[in-house]
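Coordinate inspection notes
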Number of protein chains: 2
Amino acid sequence: MLRHAHRFARVFLALCGLLASLVLLPALAFAQATDPLPSWNEGPAKAAIIEFVHATTDSGSPKFVPPEARIATFDQDGTTWVSHPMYSQVIYCLDRVPAVVKAKPELKDVEPFKTVLSGNREAIAKLPKQDLYKILAATLTGMSVEQFSAEVKDWVATAKHPRWDKLYTELTYEPMLEVMRYLRANGYKTYIVTGGGQDFVRVYSERVYGIPPEQVVGSAGGTTYGYDKNGKPFLTKDPKLLLNDDNAGKPEGIHLMIGRRPHAAFGNSTGDRQMLEYTQAGDGARLAMLVLHDDDKREYAYGPAQGLPDTKVGTFPQALYDEATKKGWTVISMKNDWKRIFAFDQ
Amino acid sequence: MLRHAHRFARVFLALCGLLASLVLLPALAFAQATDPLPSWNEGPAKAAIIEFVHATTDSGSPKFVPPEARIATFDQDGTTWVSHPMYSQVIYCLDRVPAVVKAKPELKDVEPFKTVLSGNREAIAKLPKQDLYKILAATLTGMSVEQFSAEVKDWVATAKHPRWDKLYTELTYEPMLEVMRYLRANGYKTYIVTGGGQDFVRVYSERVYGIPPEQVVGSAGGTTYGYDKNGKPFLTKDPKLLLNDDNAGKPEGIHLMIGRRPHAAFGNSTGDRQMLEYTQAGDGARLAMLVLHDDDKREYAYGPAQGLPDTKVGTFPQALYDEATKKGWTVISMKNDWKRIFAFDQ
């Protein structure tokens, strides 16, 4: 009997072990140290991220941050996706002009619509700021929020970046998507905080970044509540700007929309300076990072920090680089820190 | 051997069952039909809530709502806490006047501060709207967001409602807190959408409602980013109103701050009409509810719907009552639908 008992005990223990392992498998898989940032080369930038996550999530750490306070904010253009040679949303607005003129033929011979319709890239690039605002107003406002979302959705599903012949949403930086996932896996709520349009980014943020629309903070206009001819209520997008979510507008927008100071912030240009500064000014562990575009082979090279070519789209001046060095913000070198840039890279 | 095998098999199965039950216990406890709304009397209001939750969370239901779209919005004053005889935040502003005058003694003899300092309740109640705005501006703006939060936190911890001699945050409606918890347990994200100040409610929303600051939408002013004498950045609260989160401002604020249409909305007055209308105008199952204050014994009675006394604080006119009946919005009778009103009620 003892022999049988032993045999059954062994079988029992083996089966219990199997059952337990099925139950514990996800936890074990999580605990196993797989690299959470496989698209990053080993170096100070990768180390800073991992050290920050450990310091703020280990309950024994003096820098522990309770889960509800774990907020991380990401600029979009140049930080999480390509923004050269021009911001994708500006391309969207230019692409929408023919449809706007079709609906309002009287605009055909009016500037700046006439120039945009001409397709003359040099002339379009030279349009003064005021003309650009006219195009933004005509293509981003005046329609219902549903109509706008549908228009953006169509564009995002078809428009391609000429250099790569890829959808703009395929030109997101895989290393940054890994950081978002890594932070979320450690209890962080991730937000986009962009100078771009809030309603624009919300259309694809969940699918592309895993960030729901309510966690997108961006430049935002007002809306006006009204009724259609059947008495159904709808919201119309107004040209009135409520939040210019750039520079000082970023911490202001973060306060308005989130109401908490981030513990981690990621940017790439002067427009992100105040967001990083505001993030770092909080108590305890804070992570502030700036992407430096120093890789014209795989993406683009612009600064003008570190002798890189100058640009008006996502300017990273030497003064910002020096400030980062002085304040302990980490500059991410695209060239050296990123093993691959896009998901479609090998 | 067979007998022993049977015995061990029985032991094995029993132990496996025990292990499995330990693993499954939380799920089973959840499935067991404990009443999720114990402070509600059986009736059409309670039934409407439960039916809505079942219809939108049962994956086999034609009205199933995917988890990410489960948004529920709650007005605050008169919907989740007492707002009579006056909105709590207005009491806060009046209570702050002595401190404001102490900091700026030149206001002592200037109206409306002089009248507020006199303590003459009748005279205070008669102050014209413009004077009230001066008091709001003086007590809600001009300081850093941290200073404001600290001032509100102090007040909330000490100020009491004279009728009950209880903290204002103790005068939240237990039945509505149960609805919030019930919705959250079923995957809903709960939001406060209040005409009151966003920064004010955010101070206590997590503790009192289980709603984090980033899920509070309210009337909101701008802030200005600046630096203190040590170069540390901070945000100052501006008197400029960005969002008047009342009436049509509620759907506009919901779009700005959430970017999704709610599936359930709760209010109590004309200020909530558009939020309910906007909620109901979406596809599929929608829940729209209005609290009617018809219980002067346990709380207050005001309408003027259904012959209740008229009021300027949380007006519920007969036209709104008729609209609710016509559109299938559920009117919650405090008197009949709520078994108890406050957590401290027996």
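What comes next concerns the included structure. Throughout, residues of each chain are indexed from 1 in the direction in which the sequence is written. Lettering for chains starts from A, numbering for ligands starts from 1, and both go in the order in which the items are written. Where totals are concerned, whole chains, interfaces and linings use all residues; where local detail is concerned, this predicted model gives features only for residues with pLDDT of at least 70, and gives and counts side-chain atom pairs only at 80 or more. Remark: hydrogens and water are excluded; side-chain values derive from all non-hydrogen atoms of the structure.

1. Digging into the packing of aromatic side chains
Note on aromatic pairs: the rings of Phe, Tyr and Trp (six-membered ring only in Trp) are paired at centre separations within 6.5 Å, and the planes decide the class, stacked below 30 degrees, edge-to-face beyond 60, tilted for the rest. Counted by the stated rule, this structure contains 38 aromatic pairs over all chains. Aromatic side chains W155 of chain B and F200 of chain B sit 6.2 Å apart centroid to centroid with 50° between the ring planes, which places their arrangement in the tilted category. Residue W155 of chain B is located in helix α7 (residues 145-158), and its partner F200 of chain B is located in helix α9 (residues 198-202); the two are separated by 45 residues in the primary sequence. Accessibility assignment for this pair places W155 of chain B and F200 of chain B in one class, buried. With 5.0 Å between their ring centres and 15° between their planes, F342 of chain B and F344 of chain B make a pair best called stacked. Classification of residues uses two cut-offs on accessible area relative to the type maximum, computed with a 1.4 Å probe and protein chains only: under 20% is buried, over 50% is exposed, and between them is partly exposed. Among the residues examined, F344 of chain B registers a relative accessible area of 32% and is labelled partly exposed. Linked through ring pairs, W81, Y92, F148, W155, Y168, F200, Y204 and Y209 of chain A together constitute an aromatic cluster. The positively charged end of R261 of chain A is found above the aromatic ring belonging to Y278 of chain A, 4.3 Å away from the centroid. Helix and strand definitions here come from DSSP, where helices need a minimum of 4 consecutive H or I residues and strands a minimum of 2 consecutive E residues; each element is numbered from the N-terminal end. Criterion for a charge above a ring: Arg CZ or Lys NZ at most 6 Å from the ring centre, at most 35 degrees from the ring normal.

2. Brief notes about the sheet that holds strand β6 (residues 233-243) of chain A
All names here are of chain A. Judged by pairing direction, the sheet is mixed, and its seven strands sit side by side in the order β6-β5-β4-β1-β7-β8-β9 without closing on themselves. On the outer flanks of this sheet lie β6 and β9 (330-333), each paired with one strand and no other. Recorded for the sheet is a direction-independent mean angle of 30° between the axes of neighbouring strands. With four bridges joining them, strand β4 (residues 189-197) and strand β5 (residues 216-227) adopt parallel strand pairing. Each residue of the ladder has a partner; that of G197, found in β5, is S219. In this fold helix α2 (residues 44-57) packs onto β7 (264-267), β8 (287-292) and β9, with an angle of close to 155° to the strand it touches most, β8. Strands are treated as partners if at least two bridges between them are detected by DSSP. Fitted lines through C-alpha atoms serve as axes, helices being fitted only where they are in contact, and the angles separating the N-to-C directions of these axes extend from 0 to 180 degrees. In this description, contact between two residues means that some pair of their heavy atoms is separated by no more than 4.5 Å.

3. Digging into the environment of F74 of chain B
Residues and elements named next belong to chain B. Within the element layout of this structure, F74 appears in strand β1 (residues 71-74). The sequence separation of F74 and V193 amounts to 119 residues, and the corresponding C-alpha distance is 5.6 Å. Contacts of F74, omitting those with residues within four sequence positions, involve T80, M176, V179, M180, L183, T190, Y191, I192, V193 and F266.

4. Concerning helix α8 (residues 174-185) of chain B
Residue and element names in this part refer to chain B. Taking 1.5 Å of rise per residue, 12 residues should cover 16 Å, and α8 covers 16 Å from first to last C-alpha, within 8% of that figure. The buried count for α8 comes to nine of 12 residues, which makes it a mostly enclosed element. Here α8 has its buried residues at E174, P175, M176, L177, E178, V179, M180, Y182 and L183. In this structure, the buried residues of α8 make contact with α2 (44-57), β1, β4 (189-197), α10 (205-209), β7 (264-267) and β8 (287-292). Taken from the residues just after α8, G187 is the one with a positive phi, measuring 85°. Here the expected span of a helix is defined as 1.5 Å times the quantity of residues minus one.

5. Comments concerning unusual backbone geometry
Glycine aside, residues mostly have negative phi, and peptide bonds are mostly found in the trans state. Residue P304 of chain A is bonded to the preceding G303 of chain A through a cis peptide linkage, with omega at 20°. Locating P304 of chain A in the fold gives a position in the loop between β8 and α13 (318-327). Of note, the bond from H84 of chain B into P85 of chain B is cis; its omega dihedral lies within 30 degrees of zero at 0°. Mapped onto the secondary structure, P85 of chain B falls in the loop between β1 and α3 (88-103). Phi is positive for N247 of chain A, which is not a glycine, with a value near 55°. Looking at the secondary structure, you find N247 of chain A in the loop between β6 and α11 (249-257). Relative accessible area serves as the criterion here: at 35%, N247 of chain A is assigned to the partly exposed category. A positive phi angle is found at D165 of chain B, which is not glycine, with a value near 55°.

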